[in-house]
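So the chains spell out like this:
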Amino acid sequence: MADEHAIEAIHADLRTRVRTFLADHDPAGVRTDADRLEFLRSRYDAGLAWVAFPVGHGGLGLGQSYQSEVDASFAAAGAPDNRPHANGIGLGMAAPTIAAFGTEEQKRRYLRPLWTGEEIWCQLFSEPGAGSDLANVATRAVRDGDTWIVNGQKVWTSGAHHSDLAILVARTDIDLPKHRGLTYFLCDMHDPGVDVRPLRQITGEAEFNEVFLTDVRIPDSQRLGAVGDGWRVATGTLNNERVSIGGKATVREAGMIGVVADTWRVRPELRTPELHDRLMKLWVEAEVARLTGRRLAQKLAQGQPGPEGSAIKLAFARINQQLSGLELELLGEEGLRYSDWTMVRPERVEFTARDAGYRYLRAKGNSIEGGTSEILRNILAERVLGLPGEPRVDKDVPWKDTAR
Amino acid sequence: MTDLDLLYSEVEEDLRSTVRDLLADRCPPAAVIAVYDGDRTLVDPLWQALAVDLGLAGLLVPEDRGGAGASAREAAVVLEELGRAAAPVPFLTSAVVATTVLLAAGSDLAATLTASLAAGERTAVLVVPFTAAPFTAASGAEAPGAEASGAEAPGARLAAVDVVGPHTLTGTVTTVAGALEADLLLVPAYRDGRVTLYAVDAALVDRRPVVSFDMTRQLADVHLLDVEATPVLDDPDDPGAAERAIRAGLTAGTALLASEQLGVASWCLDETVKYLRTRRQFGRVVGGFQALKHRLADLYAGVESAAAAARYAAAALASGDPDLAVATSVAAAFCGDLAVVAAEEAVQLHGGIGMTWEYPAHLYLKKAKADQIAFGTPGAHRALLASLVHLPGAPH
Ligand SMILES: Cc1cc2nc3c(=O)[nH]c(=O)nc-3n(C[C@H](O)[C@H](O)[C@H](O)COP(=O)(O)OP(=O)(O)OC[C@H]3O[C@@H](n4cnc5c(N)ncnc54)[C@H](O)[C@@H]3O)c2cc1C
């Protein structure tokens, strides 16, 4: 609040930029897919895509707090959006990591088509032997001149079946201890060595996949960060992943609480005193979680997220799980019916567009994906509160000599 | 729902460190514990130092009436620090609740009284039970922006005192916080079925100290028997004014109590983490056991959430935001419970030391539990929220 005049001046400048842009690019003229793409590319080039990103890369180098106003103005003008739900990993994880660790050339090549949705991204981190212990990945990347040859198996890869690119963590040195032998790559999912196989999940569908990598060739220009620096880059990605869940400005009753509250309002015959007590407790917790997310966003208005974001994800997972459980009880007989167990490979994950049974089952993943709740508690205890780390048997041993 | 600033400004941080330094110097835990044994020597000089030397008595009072002209945001920071130190001073009851009542009343007498409070010449109290909520579920449906009718809302009786003569009050109000330290009583009383507000000289009133669960905010039963009183507000054209002023005071008290609860909870978290980082058992630092790390991580997440809720309530109060009623009840419901959890965890995770009289954890447990019941329990605020956000209970 130090300088309210400066902040107001930025808002005024942004409003002018948006108005000028919309005058030059009338959303009413957007009819075809080609028009839509053209519109989005121009918005990116005008620095009005993600205002917190650097000038020249879709942004204006402003604080994150200015974004919602810009998005709202475009939405109000009926402008097409970049379908953020279809590229959550790209926007929430790959983009900030590329912006923070990428070369100018990499930023130029990847960020624009990422933002416009022309290229969809997935995350090739987890493996059968490396889940919570991500630093244990066994996928090998071996250098061959200007190219890296990658072999290994990834698992739980959400959206790999419709992705064009992936952020990938692979082992480049087996003689170093596990955290130090990793390197971070941007991998082309259309490479002939990439084999994506659906992995059916608790909801009946296959949102995630197994991905087999066989002699996949990645040019060295698609390495993000230094050789051996993969752990540091991956940690940046994970911190972004955790705040991308809570550190957003949302309105009251957005998400799961809104769905349950709406059902409560229109179905008085379902109400019981006991459910009412639980609903009101969760309503308060959801509202406080929203405020906590806002507060974090204000803290992060500049700079990279730290481990504090884990606290939000922890609360988000618990509240979602309790609310979706409550919703099934509230629905009673209807809660016993499920829409469809047929195996499909969805394009996106959208809780609110599905039935209560799906929400209950899918929410179980909230405390597993992006770091389990147990791991997040370890992170908070060690990195924020300064409590001693877990005993580690493999930290200083060359990776090739560790028990796996 | 504007994007209220939930962080602390530089001015607020400066105020915090001034208050914290003074409390570190003048409010040691041993002296606070002594209050439970009847030794209140700490109390008056500490309140003088805070109220007069630092000018906190007039924090919320406009500058042209001799105050500091600060807002609820700054008062919230002071309360965080008072909570962290379990300081036994009537800041909340006099400088927040009573002061807000007088500011809202706006009469000439109220203005004179406010100036004397700001100067630290007097300390005041609103004579209601410490459990009185600003609104209850029954009256809450119209709470935000409601035009007070002046008539008694069901379940929201504001006074136990009656006007028996032209300027004479009779009645008993039990468990009043801040009455022992006050020399000016603001007494809601009923006249012809309406709530009115009177100023009473404390010296004329029988105030019986209660052995209180939280002796850092000792309660009193206040007995008025044909006591002479002066009406603070007496505008026949606006009969609802007194009720509005009283509810405004209680709303401010509720919204800002959340910051005291945040202070209590942060002390509990910080001290427990500090202790467990050095205490050793089984050849290891106890804080390295994962069962405890996870409990402390959850508590950290809870305290961060309480900070967001308390800051939002303080910011909404400071700016008169239309969302104030919801913000207040959300903060009361969340921070009230969270502070108790924090204090209970602090006792448990300190082991035997946590049960001792000498170690101050018990001060925070008692304060947290008493604060949870003050201004309406978390359950009462959830019931109020149900009507504010249109999530009604089961039909009968
Ligand atoms: C819906 C969904 C989508 C996903 N999408 C992706 C994706 O797109 N890309 C990707 O790379 N990965 C993805 N994941 C994988 C996810 O990141 C991992 O599942 C997660 O990190 C846990 O690893 P794991 O499954 O191997 O479990 P494990 O690590 O084997 O954990 C088993 C249990 O042990 C606990 N545990 C492990 N270590 C500790 C410890 N030190 N202290 C205490 N408890 C511990 C865990 O909390 C868990 O309860 C996804 C997962 C889900 C559920």
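This is a predicted model, so every value here is computed, not measured.

Rules behind the numbers
- Residues numbered from 1 in each chain as written.
- Chains lettered and ligands numbered in written order.
- Predicted model: local features only at pLDDT ≥ 70, side-chain atom pairs only at ≥ 80, totals over all residues.
- Heavy atoms only, no water.
- Domains from an automatic or database assignment.
- Pairing = 2+ DSSP bridges.
- Helix = DSSP H or I, 4+ residues; strand = E, 2+ residues; numbered from the N terminus.
- Phe/Tyr/Trp six-rings, centres within 6.5 Å; stacked < 30°, edge-to-face > 60°.
- Buried < 20%, exposed > 50% of the residue type's maximum accessible area, 1.4 Å probe, protein only.
- Lys NZ or Arg CZ within 6 Å of the ring centre and 35° of its normal.
- Lys, Arg positive; Asp, Glu negative; His and termini not counted.
- Salt bridge = Lys/Arg side-chain N within 4 Å of Asp/Glu carboxyl O.
- Near = heavy atom within 4 Å.
- Polar contact = N/O pair within 3.5 Å; in protein donor to acceptor, adjacent residues only side chain to side chain.
- Areas by Shrake-Rupley, 256 points an atom, 1.4 Å probe, with all protein chains shown as cover.
- Contact = heavy atoms within 4.5 Å.
- Buried area = accessible area lost by both parts, 1.4 Å probe.
- Axes fitted to C-alpha atoms, helices over the stretch in contact; angles between N-to-C directions.
- Parallel < 35°, antiparallel > 145°, perpendicular 65-115°, else oblique.
- Left-handed = near helix turned anticlockwise from the far one by under 90°.
- Nonpolar A, V, L, I, M, F, W, Y, C, P; charged D, E, K, R; others polar.

Colleague: Would you mind going over the domain arrangement of chain B with me for this structure?
Modeller: Reports of interface size often rely on the accessible area that becomes lost once the parts have come together. For chain B, the domain assignment lists domain 1 (10–122), domain 2 (140–238) and domain 3 (243–388). For domain 2 of chain B versus domain 3 of chain B, the distance between C-alpha centres works out to 29 Å.

Colleague: Honestly, the pairing of strand 3 (residues 147–154) of chain A in this entry has me stumped. Any pointers?
Modeller: It is a general feature of regular strands that their side chains alternate between the two faces of the sheet. In this sheet, strand 3 of chain A lies alongside strand 2 (residues 140–144) of chain A in antiparallel orientation, the contact comprising five bridges. Residue arginine 143 of chain A lies in a different strand from strand 3 of chain A, and its bridge partner there is tryptophan 148 of chain A.

Colleague: Would you mind going over the packing of aromatic side chains with me for this structure?
Modeller: Each aromatic ring pair is described using two quantities: the centre-to-centre distance and the angle formed by the ring planes. Tallied over the entire structure, the rule returns 16 aromatic pairs over all chains. With 5.7 Å between their ring centres and 80° between their planes, tyrosine 110 of chain A and tryptophan 121 of chain A make a pair best called edge-to-face. In this pair, tyrosine 110 of chain A is assigned in helix 5 (residues 104–116) and tryptophan 121 of chain A in strand 1 (residues 121–124), connecting sequence segments 11 residues apart. By the burial criterion, tyrosine 110 of chain A is buried, and tryptophan 121 of chain A matches it. For the pair phenylalanine 130 of chain B and phenylalanine 375 of chain B, a centre-to-centre distance of 5.5 Å together with 65° between the ring planes defines the contact as edge-to-face. Of this pair, phenylalanine 130 of chain B sits in the loop between strand 1 (124–126) and helix 7 (137–140) while phenylalanine 375 of chain B sits in the loop between helix 11 (361–373) and helix 12 (378–388), and the two are 245 residues apart along the sequence. Look at phenylalanine 130 of chain B and you get buried, because its relative accessible area is 11%. Sitting over the face of the ring of tryptophan 399 of chain A, arginine 404 of chain A holds its NZ or CZ atom 3.6 Å from the ring centroid. The ring of tyrosine 8 of chain B carries the charged tip of arginine 16 of chain B above its face, separated from the ring centre by 4.6 Å.

Colleague: I tried to follow the side chain of glutamate 74 of chain B on my own but got confused; where do I start?
Modeller: When you line up the elements, glutamate 74 of chain B lands in helix 4 (residues 72–85). Despite its burial, glutamate 74 of chain B pairs with no opposite charge, the nearest such side chain being arginine 73 of chain B at 5.8 Å.

Colleague: Help me out: how do you make sense of the site of the ligand in this one?
Modeller: The immediate surroundings of the ligand are formed by 19 residues, with Ser126, Ser132, Trp156, Thr372 and Glu374 of chain A found nearest. Around the ligand the close residues trace back to chains A and B. Take tryptophan 156 of chain A: an N or O atom from its main chain is 2.9 Å from a nitrogen atom of the ligand. Here an oxygen atom of the ligand sits 2.8 Å away from a polar atom, N or O, in the side chain of glutamate 374 of chain A. Contact with the protein chains covers 69% of the free accessible surface of the ligand, which is 970 Å².

Colleague: I keep staring at unusual backbone geometry and nothing clicks. Help me out?
Modeller: Phi is mostly negative for residues that are not glycine, and the peptide bonds are mostly trans. Positive phi outside glycine occurs at arginine 83 of chain A, with the angle close to 50°. Residue position: arginine 83 of chain A is located in the loop between helix 3 (67–76) and helix 4 (88–101). Of note, the phi angle at aspartate 192 of chain B is positive, near 50°, even though the residue is not glycine. Within the secondary structure layout, aspartate 192 of chain B lies in the loop between strand 4 (184–191) and strand 5 (194–201).

Colleague: Please clarify how the interface of chain B and chain A should be interpreted in this entry.
Modeller: Contacts between the two partners involve 44 residues from chain B, matched on the other side by 42 residues from chain A. At the boundary of chain B with chain A, total buried surface from both sides reaches about 3900 Å², with 67% on carbon and sulfur atoms. Its largest share of buried area at the contact with chain A, chain B owes to Lys293, Tyr300 and Leu391 of chain B, together 17% of the area lost on that side. Ionic pairing is found between aspartate 298 of chain B and arginine 377 of chain A, a salt bridge with its closest N-O pair at 2.8 Å. Linking chain B with chain A are 19 residue pairs in polar contact (both at pLDDT 80 or more). Of all the elements, helix 9 (residues 290–319) of chain B adds the most residues to the side of chain B that touches chain A, at 15 residues.

Colleague: How should the packing of helix 8 (residues 241–276) of chain B against helix 9 of chain B be read in this particular structure?
Modeller: Helix packing geometry: the angle between the two helix axes and the distance between the axes. Residue and element names in this part refer to chain B. In the contact formed by helix 8 and helix 9, the axes pass within 9 Å of each other and the chain directions differ by 155°. Between helix 8 and helix 9, the crossing angle belongs to the class labelled roughly antiparallel. The handedness of the crossing between helix 8 and helix 9 is left-handed. Here Ala252, Ala255, Leu256, Ala258, Ser259, Leu262, Ala265, Ser266, Leu269, Thr272, Val273 and Leu276 of helix 8 lie close against helix 9, whose contacting residues are Leu292, Leu296, Leu299, Tyr300, Val303, Ala306, Ala307, Ala310, Ala313, Ala314 and Leu317. The residue inventory of the contact of helix 8 with helix 9, partitioned by class, reads 20 nonpolar, three polar and no charged.

Colleague: Teacher, can you tell me more about the pattern of salt bridges here?
Modeller: If charged atoms from side chains of opposite charge come close, those side chains can pair. For the structure shown, the criterion picks out 57 salt bridges over all chains. Arginine 362 of chain A is the salt-bridge partner of glutamate 207 of chain A, the closest N and O atoms lying 2.8 Å from each other. With a gap of 155 residues between them, glutamate 207 of chain A in the loop between strand 6 (194–199) and strand 7 (208–219) and arginine 362 of chain A in helix 10 (residues 356–363) connect regions that are remote in the sequence. The pair glutamate 207 of chain A / arginine 362 of chain A is uniform in exposure class, with both members buried. Note that arginine 191 of chain B and aspartate 234 of chain B form a salt bridge whose closest N and O atoms lie 3.2 Å from each other. Pair noted here: arginine 191 of chain B is in strand 4 and aspartate 234 of chain B is in the loop between strand 8 (230–231) and helix 8, with a separation of 43 residues, a long-range link. Residue class for aspartate 234 of chain B comes out partly exposed when judged on its relative accessible area of 48%. Three or more residues are tied together by salt bridges with common partners; here these are Glu13, Arg16, Arg20, Glu80 and Glu81 of chain B.

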